[in-house]
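Residues per chain are reported as follows:
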There are 2 protein chains.
Amino acid sequence: MPHPLKIKFLYLLLTVFSASVCTAQEPGEWVNPFIGSTNYGTTNPGAIVPRGMVSVVPFNVAGNSELNKHDKDAGWWSTPYSWDNKYFTGYSHVNLSGVGCPELGVILLMPTTGKLNADFREYGSEMSEQVAHPGYYSTFLNKYSILTEVSATERSGISRFTFPAGQSNILIDLGNGLTNESGASLRIVNDREVEGSRMTGTFCYNDGTERPVYFVARFSKAAEELGAWKKMPKMDAEASWSATSNKFKYYKNYRAEMTGDSIGAWFTFNTKENEQILVEVGVSYVSIDNARQNLNAESNRFDFETTRKQAEEKWNKALSTITVKGGTDDQKTVFYTALYHMQIHPNILSDVNGQYPAMESFEIKQRENGERYTVFSLWDTYRNLHPFFSLAFPEQQLNMVNSLIEMYDESGWLPRWELNSTETHVMEGDPVIPVIVDTWFRGIRNFDVAKAYEGMYKSATTPGKDNKIRPDIDDYISLGYVPIKAQYDNSVSHALEYYIADWNLAQLAKDLGKTADYERFLNQSKSWKNYYDPEFGIVRPKLENGDFLPDFDPKQGENFEPSPGFHEGNAYQYNFCAQHDVKGMIELNGGKKNFVKKLQATFDEGNFDMTNEPDIHYPWLFNYVKGEEWRTQKEVRRLIATYFKNAPGGLPGNDDTGTMSAWVVYAMLGIYPVIPGDMNYALSSPVFEEVKIKLDQNFYPGKEIIIRQSGNPESKIKSIKWNEKSQKSFFLNHAELVKGGILEVIH
Amino acid sequence: MPHPLKIKFLYLLLTVFSASVCTAQEPGEWVNPFIGSTNYGTTNPGAIVPRGMVSVVPFNVAGNSELNKHDKDAGWWSTPYSWDNKYFTGYSHVNLSGVGCPELGVILLMPTTGKLNADFREYGSEMSEQVAHPGYYSTFLNKYSILTEVSATERSGISRFTFPAGQSNILIDLGNGLTNESGASLRIVNDREVEGSRMTGTFCYNDGTERPVYFVARFSKAAEELGAWKKMPKMDAEASWSATSNKFKYYKNYRAEMTGDSIGAWFTFNTKENEQILVEVGVSYVSIDNARQNLNAESNRFDFETTRKQAEEKWNKALSTITVKGGTDDQKTVFYTALYHMQIHPNILSDVNGQYPAMESFEIKQRENGERYTVFSLWDTYRNLHPFFSLAFPEQQLNMVNSLIEMYDESGWLPRWELNSTETHVMEGDPVIPVIVDTWFRGIRNFDVAKAYEGMYKSATTPGKDNKIRPDIDDYISLGYVPIKAQYDNSVSHALEYYIADWNLAQLAKDLGKTADYERFLNQSKSWKNYYDPEFGIVRPKLENGDFLPDFDPKQGENFEPSPGFHEGNAYQYNFCAQHDVKGMIELNGGKKNFVKKLQATFDEGNFDMTNEPDIHYPWLFNYVKGEEWRTQKEVRRLIATYFKNAPGGLPGNDDTGTMSAWVVYAMLGIYPVIPGDMNYALSSPVFEEVKIKLDQNFYPGKEIIIRQSGNPESKIKSIKWNEKSQKSFFLNHAELVKGGILEVIH
C-alpha cells in the first residue's frame, strides 16, 4: 500500500518537474548540488544561499557502518555528507564545502518519532528520495516516515518536518558533529525556543582555531514535553549506583544552562498524520543575542515556501551573471553547478548588526557596511577563484579584499588560510599577495592599498621566527630558496609560492612607484631557478649547502603520498609553477620545443594531476609557445570531458572552496587567468555556442562580454575575433575584455 | 636546612597560639574543624562563615591511591575531604558538610609551580601542616613549597597562596569534583578574571536535582600567561592525526566561551620568593552576573586578614549564643565544634540582591528581606536541629520556615530533602510537618500558618501517585500502615515517619481550631501499633493482607546492610520510634517494667545505633518512667563519652547537616526535645558547671537561660530546681524555659 506521505512526496516532485518544463528555465534549475558530494569534491547538497553563513546539510557520516560507506571517525574525513552514505543523523547548520579537513558540521537538527532516543548511533534513519536544488534540500526518513525539507537565509536555516501521527520528537544534537572539537552549552528558553553554543575548531587537527558558534532555534509549535540530555561519562565503581554511567541521561523540563561534551535538547509533540512542524535556527559567531537578532531579521516566521522562494531567487540572480546557450544539458549542469559552488565560500561572517569576531583575537568588531567574509583558502583560491570574482562579482571581491585588510589590522598579519577569524596555518606560501595584487590590477581599487601593501611587505620581509606567514624567510632571502631541512618539510612548495607572491608584490610596488621594492621582490621572484636540476631536467629539493637532495625520485608524491620537498604532489606537478616567469621556464627547460615536449609528456605520461591545485594552470602553458595553442585546446577539452561530470563523483578533487569549480567554469568559457597578477587571459575553446557575462558597471566600462564559438569545437581554433577584430595571439587582456564586447572563437 | 616558607609558617602558628593564650578566649577558639572529618562525620575543615553559601574546602579525595586512603571514584564517597587523605588537588568552593551522598565539591582552585599541567592525577600535591579555625584553613603543599590559606564570606571565598620564586600557576579546575554531574563553561574576562558555570546534581545518584552553579574568580595580580584547557575525548582512527586525543588540551589566550565535560582555566605568573597571590571567588546559583554582584558586595579587595577577621568575628558571635564554664578542654571543644557544625547547613541560597532559583523550577525569584535557605535534610534535622534553632536562633528558624513555605508556593509541595531548590527525594516520611509544627509551638509564629497548613495537609491527604511526598499514602490511609510490597521498600520506616508527622499535624489542627482534622490525623498517628508484633515483641514489616512478613530477623539491618521494611536500621532501632505516643509504646511493650527492660536491653545488647537518627532519642525515653530517669543520665553520659571526641573520627555517624552535633550539644546541656512538636525537654546531667544560653528577646520573654550542675556528674541527679523551685519531674516545658532563669541540676 503506498504510504500517503510518499504520494504527497511524488506529487511534489511532479510539481517541481512541471515547473521546470513549463516556465522559462532559470539558471538555478541547471544546478545539481549532488555534484562533488563524494569524498572527491567534498561538496554537499545542503540548502544555502549565496555566501550564507548557514548551510543546512544532511549529516550522514557517523553512526552506522552498514548504511554508511564512510565514517568520519574511521579515517580522515572532511565533509558532513557523503553521497555514498545513507544513515542520516540530522541537519547540521554550519558547514564547510569542498575542503580537505574536518571542521564545523555542527548544530544537528533531527526529527524522530516514538520513544525518545538521543544516541545518534540509534536515532539515525536510512534516508531516501533525496532532492536538492539551490536553496532547497529534501529527504525522506524511512525509519520514521518523516519527510524532511530544508531551506536557508544568510544566517538561518529553516526545516519543515512532515510527521506521521503519534509522538514526534525534534532533537538538537550538540554532541555529534564533524569538527574534532567538543563542548557545548544550551538553555531551553521556553517551549518553542532553545539557545546555546557549540565549540568548533582544530581545523586540519591544528590548534588555535577554536571558536564557539552560537545559535537560537525556534519551533513553529509549542512542545508538549521537552528537556536536555547529556551523554554521561563512564564511571567505574560508582556505576553500581548510577543509572546513567556512560549512557545518555535525560533532564526532563531542565531549563537552566546545560553544559558538557555531548549534550542536546529535545522537543516532543503529539502530531496528527502529515502534521508539519517547522524549526528555524539562527546562527552567529559573536553571541547568542546576535544569533537571535540574525534570526529575527531574516526569518519569514515559519513561512517555508517564502524562504525557499527567496533562496531560489537569490541563486538565480547570482547565477544569471552568466547566461549560456548551446551545450548539452550535462555541460550546462556542470557549468552552473560549478558557478554555484564558487558562491558558497568565502562566506558571510558578520551578523545583521555588522558584528563579527576579530581576526586572531576574541574582540568583537563592528562593520559599518558591507559584509565581513570568512573561509579564505587562499593557497587554492588565489589561482583562479578570486580573479573570477574580480571579473564577475567585483563588489564581493572588493569586500573580500577589505576583509583581508581588516584581518591585518586586527591581527598584525594578512592571512594564509583564514577560518572564522582564525589563522589555521594550513598549506603554505603567501597567497594573499597575488589575491590583492590581482584585484588591484583588474581595476578594483577602492581599498586601502597603502595598508594592504604594508601587510604584504611585512610578511615578505619580516625576518626570523617572528614571521608568521613565511617561517623560513631567512633561508629564502639569504639563499634564494628554502633548503630541505626535514624530510617532509615541503620546502620547495613553500619557496615556489613565495616566488609568485614576490613577483606580484613587485608589480604592485612598481605601480605604486616603489622602485627599490619592485626590484628587490622581482629579483627574489626569479630565484625559482635555483630548484631546476639539469640532471633530471626538473625542479628538485635542495640542501642548505646548495647540493640537490640525493636519492631523488621525481615521481614520489603521486596520489597524496608524502614527498620530500613537495606538498601534496611531486616534482612533475611543481615543475611548471613559476608561471610568473614563463619565459624563464621555457629557457631553463631547453627552449620552446623541449618545453612543449616536457609539458606534453607530463600529460601523456600521467604526471599531470587534475585533483589538486599546483599544476592546474599547466594546460594553458602551451599558449605561451606560438603554434602550440592547439595543445591547450585539446588538453582543456579532454580534462573537462574526463573529470567534470553531472554526477556525485563529478568533481576531480576537493573543490577547495570553489577552486576546482572556477577551473571548469573558466575552461568552459575558454578563458583562463594563468598568472595571477598578470592580466592576460589565455584563450581556448569555449564549450557553449554563446555565453553572456554581465559586467558590474560600478567597476567596469563594459556592460557585458559575449563569447561565441562556431565550427567544430573538437577541432583546432581557426581564428579569434574581439569585437570583430581578428586577434593575433591566444591571449586577451582583462582591461580590454571588461570594455565589453563580443569574443568570437571560430573552429 | 629549614625552608624559609616553613619558618614563616611556624611563626604564624606561634602567633595564633600566643593569641589564644594572652587574650580572653573566644568560643571560636574552642572549635576544632577537623572533628568529624573522616568518613564517619563527613564534615570538613574548610573555611566558611555561619550558613555561608561558599565554603573553601581542601579537596583531597581524588587522583592518587598512594597518598589517599579513600578515593571518591573507588566506592561510595560523600565528602570533598578526608582526614585520612594527603593528596590535595585544590580548594572546592561549594560543598556539603555532614551528608551521606556525593554532591557539589566543585570549582577547584589549585596553585602549582613550574610547567603547566591540568591533570589532577598529576598536578596534585602532598599536603601537610594543616591548620583550621572557624573561617580559616591552611595547608602547605610539599610538592611545590606553596603555603595555601583560605577564608570566606557568605558568598565568596578568598585564597592566599605564598609562592616560591619562579613560574607559578593558579588553576581553576571545573572538571574534577565530588558531584557525579559534569559539564562546565568558562570565559576568561581579562588577565585578572574568569567567569563560568559548573553543573552539579544527581545527589544520592537521583536525577532531577541538577543545577549549574555560577562563579566569578578574580586575581590580585595580572597573569603573564593564561588560557583554558579541556580534556579531549578519546579518538580511535583519528588519534593518528590528533595530538590531543584523550589528553588535556591547552588553549593559550583563549577568551571566548569554553564548554565541555572537563575544562578549566589557568593563570600563570612569574613570582618572587614568598610572593603572595590572592584569588577571590564569588558564587551564585542564579547567574554569573549575580556571582559578580556577590563578589563585589562582600569582597575586601584581596585583604585576606580583614576577611579572615570578619569570618572569625561572625563565628564568635554565632557561637557565643551559648557560653560554658567548667568541663574539660576536650568537652568544650566537642561542644563548640558541634555548635559550629550546626551552623553550616541549612545555608544561604539567595544572592546579595535577594535572587534565588525557585523550588523545582528554573524561575528566578527575589526575596525582599531575610535569606532564602537551602540544604534541608529534614528526615535528620526535624528531630533536634530545628528545635534547637528555635531555641537559640529563632530569627534564623523563622527564615527557614518561611523558606520552606516559599518552596511550597513555588513547587506545590513542601520539601522532604531539599538541595539548592530541588527535591532530592532522599529518605522518607513527611518531616517538614514536625519542623513547622514544632516551630509554631515554640512560639515562633510570624509565618503564614494558613499556607503552611495547606501544604502539610496536601502531603498528608493527597491520594495516589500524585502525592510526591507520601507515595504510599493510599495504603497508609486505607490499611493504617504501609505494607511491604518489595523486599527493600522501607515500608515500616515510611509509615513510622508518617505517624509522627500526622501527630504533629493533629496538634496544629487543634490549635487552629480544625477539630475534624485534629481527630483524623491524631487517629492516623496511633496506627503505628499495627506494626507491633507480640510474637517478637517488636515492630515488624507487615504484608498487605495483614500478616506479618515471614522469615523475620529483627537484627537484620545492622551496620547499614539492607533490611526488609527498614531504612538504614533494623527493628530494634525503629521499635521505639512512636515517641509521640510514649504511653502507647509503654503499654504495647508490656507496661513500664517491660518497656524499661526492653529499652535497656537495646543498649546493653548492642542494638542501639548511635550513628544514625532513628533511635537517637532512645536514651531519653527512660525519663518517661518515673524512677528510671537515672538510666537516661547514665546512657547519655556514656554515649557522649564513647562517641564524641576531640579527634577527626570524633563524630559517630554522618553529621547529617548538624543533627549528630545537635544531639551532643543538647546532651551536654542536659536537655533534649524527645518529641518534636511536644514542648517538654527531657532533662539529664549537664556536662558543664555552668552554661548560659542567650535568648532572642524579639521572640522570647527571657534574657537568658542558665544551666548549672553541681555534685558529681557521674552520679544520679538528686534534684532539679528551676528558678529556685524544685522540680517534680525530669521534664521542663519550653514555654517555661524561655521565660529565662536558672536551671540547677544537683547530683
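Residues numbered from 1 in each chain as written. Chains lettered and ligands numbered in written order. Predicted model: local features only at pLDDT ≥ 70, side-chain atom pairs only at ≥ 80, totals over all residues. Heavy atoms only, no water.

Colleague: It is not clear to me how the sheet that holds strand S33 (residues 704-710) of chain B should be interpreted in this structure. Could you clarify?
Modeller: Strand pairs in the sheet, formed through backbone hydrogen bonds, run parallel or antiparallel to each other. Residues and elements named next belong to chain B. Read across the sheet, 6 strands follow the order S20-S32-S33-S37-S34-S35 without closing on themselves; strand pairing throughout is mixed. This sheet does not close on itself; its edge strands, each paired only once, are strand S20 (322-325) and strand S35 (725-726). Across 6 bridges, S33 lies against strand S37 (residues 741-746) in parallel orientation. Bridge pairing in S37 places Arg708 opposite Glu744. (Pairing = 2+ DSSP bridges. Helix = DSSP H or I, 4+ residues; strand = E, 2+ residues; numbered from the N terminus.)

Colleague: What should I look at first to understand the domain arrangement of chain A in this one?
Modeller: Think of interface size as the accessible area that goes away when the parts come together; that is how it is often given. Residue and element names in this part refer to chain A. Domain boundaries in chain A define domain 1 (4-318) and domain 2 (322-462 + 479-746). For domain 1 versus domain 2, the distance between C-alpha centres works out to 35 Å. Every contact between the two is made by 51 residues of domain 1 and, on the other side, 57 residues of domain 2. Contact between domain 1 and domain 2 buries roughly 4200 Å² in total, counting both sides, with carbon and sulfur atoms accounting for 59%. One can count 1 salt bridge joining domain 1 with domain 2. Put simply, Arg155 and Glu371 hold a salt bridge, and the shortest N to O gap is 3.0 Å. The tally of links between domain 1 and domain 2 comes to 30 residue pairs in polar contact (both at pLDDT 80 or more). (Domains from an automatic or database assignment. Contact = heavy atoms within 4.5 Å. Buried area = accessible area lost by both parts, 1.4 Å probe. Salt bridge = Lys/Arg side-chain N within 4 Å of Asp/Glu carboxyl O. Polar contact = N/O pair within 3.5 Å; in protein donor to acceptor, adjacent residues only side chain to side chain.)

Colleague: Help me out: how do you make sense of the relation of the copies chain B and chain A in this one?
Modeller: Each of the two chain copies can be generated from the other by rotation about an axis followed by a shift along it. For the pair chain B and chain A, the relating rotation is 180°, the translation along its axis is 0.1 Å, and the fit reaches an RMSD of 0.1 Å. Overall, the copies show the geometry of a two-fold rotation axis. Relative to the rotation axis, the closest C-alpha in chain B is found at Gly260(B), a distance of 2.0 Å. A symmetric contact is evident, with 100% of the interface residues of chain B recurring at the interface of chain A. (Least-squares fit on C-alpha atoms with pLDDT ≥ 70 in both.)

Colleague: Help me understand the environment of Ala152(A) in this model?
Modeller: Residue and element names in this part refer to chain A. Of note, Ala152 is situated in strand S9 (residues 146-152). Ala152 gets classed as buried once you look at its relative accessible area, which sits at 2%. Each C-alpha atom of the pair Ala152 and Phe688 lies 32 Å from the other, and the pair is 536 residues apart in sequence. Contact partners of Ala152, with chain neighbours within four places excluded, come to Ala47, Ile48, Val49, Val54, Val56, Gly135, Gly157, Ile158, Thr307 and Ala311. (Buried < 20%, exposed > 50% of the residue type's maximum accessible area, 1.4 Å probe, protein only.)

Colleague: I would appreciate a short explanation of the sheet that holds strand S27 (residues 422-423) of chain B in the present structure.
Modeller: Residue and element names in this part refer to chain B. The 3 strands lie next to each other as S25-S26-S27, forming an open sheet whose pairing is antiparallel. Looking at which strands have only one partner, the edges of the open sheet turn out to be strand S25 (376-377) and S27. As judged from the 2 bridges shared by S25 and strand S26 (residues 417-419), these two strands associate in the antiparallel manner. Across the sheet, Phe376 pairs through a bridge with Glu418, a residue of S26.

Colleague: I'm lost on the packing of helix H16 (residues 591-604) of chain A against helix H17 (residues 629-643) of chain A in this one. Help?
Modeller: To characterise two packed helices, one gives the angle between the axes of the helices and the distance between these axes. Residues and elements named next belong to chain A. Two numbers describe how H16 lies on H17: the axes approach to 12 Å, and their chain directions differ by 15°. Put simply, H16 runs roughly parallel to H17. Crossing hand, H16 versus H17: left-handed. Residues Val596, Gln600, Phe603 and Asp604 of H16 form the contact with H17, whose participating residues are Arg631, Lys634, Glu635, Arg638 and Leu639. In the contact of H16 with H17, the residues fall into 3 nonpolar, 1 polar and 5 charged. (Axes fitted to C-alpha atoms, helices over the stretch in contact; angles between N-to-C directions. Parallel < 35°, antiparallel > 145°, perpendicular 65-115°, else oblique. Left-handed = near helix turned anticlockwise from the far one by under 90°. Nonpolar A, V, L, I, M, F, W, Y, C, P; charged D, E, K, R; others polar.)

Colleague: It is not clear to me how the state of the cysteines should be interpreted in this structure. Could you clarify?
Modeller: Covalently bonding the sulfur atom of one cysteine to the sulfur atom of another cysteine gives a disulfide. Residue and element names in this part refer to chain A. According to the stated counting rule, one finds 2 disulfides over all chains in the structure shown. Two residues share a disulfide in this structure: Cys101 and Cys204, whose sulfurs sit 1.8 Å from each other. Taking the torsion about the S-S bond as the criterion, the Cys101 to Cys204 disulfide, at about 100°, is right-handed. Taken together, the positions of Cys101 in the loop between strand S4 (94-95) and strand S5 (104-106) and Cys204 in the loop between strand S13 (193-200) and strand S14 (211-219) put the pair 103 residues apart, joining distant regions of the chain. The buried category is assigned to Cys101, whose relative accessible area is 9%. The exposure class of Cys204 is buried, given its relative accessible area of 14%. (Disulfide = S-S within 2.5 Å.)

Colleague: When you look at the side chain of Glu195(A) in this model, what are you seeing that I'm missing?
Modeller: Secondary-structure assignment places Glu195(A) in strand S13. Sequence-distant contacts of Glu195(A), defined by excluding residues within four places in its chain, comprise Ser185(A), Leu186(A), Arg187(A), Val189(A), Phe215(A), Val216(A), Ile288(A) and Arg292(A).

Colleague: Quick question: what am I supposed to make of the interface of chain B and chain A here?
Modeller: Counting residues at the interface gives 42 residues for chain B and 42 residues for chain A. Taken over both partners, the interface formed by chain B and chain A buries close to 3300 Å², and the fraction arising from carbon and sulfur atoms is 54%. Taking the shortest distance from any N to any O, the salt bridge between Glu210(B) and Lys249(A) comes out at 2.7 Å. The interface formed by chain B and chain A contains 21 residue pairs in polar contact (both at pLDDT 80 or more). Counting residues per element, the ones that place at least two in the side of chain B that touches chain A are strand S12 (184-190), strand S13 (193-200), strand S14 (211-219), strand S15 (225-231), strand S16 (248-252) and strand S17 (258-260) of chain B. The class makeup of the residues in the side of chain B that touches chain A is 17 nonpolar, 12 polar and 13 charged.

Colleague: Help me out: how do you make sense of the environment of Trp417(B) in this one?
Modeller: Residues and elements named next belong to chain B. As for its placement among the helices and strands, Trp417 is situated in strand S26. The spacing of Trp417 and Lys143 is 274 residues in sequence and 41 Å in space, taken between C-alpha atoms. Residue contacts for Trp417: discarding those within four places in its chain leaves Val99, Phe203, Val375, Phe376, Ser377, Asp380, Thr422, Glu423, Thr424, His425, Val426 and Met427.

Colleague: What is the right way to look at the pattern of salt bridges in this model?
Modeller: Between side chains of opposite charge, a pair can form as their charged atoms come close. Scanning all chains against the criterion turns up 78 salt bridges over all chains. Where Asp236(A) meets Lys234(A), a salt bridge forms, and the shortest distance between an N and an O atom there is 3.6 Å. Like Lys234(A), Asp236(A) is exposed. We note a salt bridge from Glu406(B) to Arg372(B), for which the minimum N-O separation is 2.7 Å. Remark: Arg372(B) occurs in the loop between strand S23 (364-366) and strand S24 (373-374) and Glu406(B) occurs in helix H8 (residues 394-411); sequence separation between them is 34 residues. The burial state of Glu406(B) is the same as that of Arg372(B); both residues are buried. Taken together, the salt bridges that share partners define one network made up of Glu181(A), Asp207(A), Glu210(A), Lys230(B) and Lys249(B).

Colleague: Just checking my understanding: could you explain the packing of aromatic side chains for this structure?
Modeller: One pair of aromatic rings is described through two measures. These are the centre distance and the angle between the planes. All names here are of chain A. With the rule as written, the count across this model stands at 82 aromatic pairs over all chains. Ring geometry for Phe219 against Phe269: centres 6.1 Å apart, planes inclined by 40°, an arrangement best described as tilted. Of this pair, Phe219 sits in strand S14 while Phe269 sits in strand S18 (residues 263-271), placing them 50 residues apart in sequence. Ring plane angle 85° and centroid distance 5.3 Å describe the contact between Phe388 and Tyr666, whose orientation is recorded as edge-to-face. Placement of Phe388 in helix H7 (residues 385-392) and of Tyr666 in helix H18 (residues 659-669) is noted, with a sequence separation of 278 residues between them. Residues Phe388 and Tyr666 agree in their burial class; the two are buried. Through a chain of ring-to-ring contacts, the aromatic side chains of Phe388, Phe389, Phe393, Trp620, Phe644, Trp663, Tyr666, Tyr672 and Tyr681 assemble into a single cluster. When the ring centre of Tyr481 is taken as origin, the NZ or CZ atom of Lys542, which lies over that ring, is 5.3 Å away. (Phe/Tyr/Trp six-rings, centres within 6.5 Å; stacked < 30°, edge-to-face > 60°. Lys NZ or Arg CZ within 6 Å of the ring centre and 35° of its normal.)

Colleague: What is the right way to look at the UniProt feature "domain: Glycosyl hydrolase family 92 N-terminal" (unreviewed entry) in chain A in this model?
Modeller: With numbering matched to this structure, UniProt assigns "domain: Glycosyl hydrolase family 92 N-terminal" (unreviewed entry) to residues 30-284 of chain A. End-to-end, the C-alpha atoms of residues 30-284 of chain A are 31 Å apart, and along that stretch the chain is 2% helix and 44% strand. (UniProt positions renumbered as here; feature names shortened; annotations may be inferred.)

Colleague: Just checking my understanding: could you explain the pairing of strand S11 (residues 166-173) of chain A for this structure?
Modeller: In regular strands, side chains alternate between the two faces of the sheet. Residue and element names in this part refer to chain A. Counting buried residues along S11, 6 of its 8 residues qualify, which places the element largely inside the surrounding structure. Here strand S6 (residues 108-113) runs beside S11; their pairing, made up of 6 bridges, is antiparallel. If you follow Pro111 over to S11, its bridge partner there is Ile170. One ladder, built from 8 bridges, connects S11 with S18; its direction is antiparallel.

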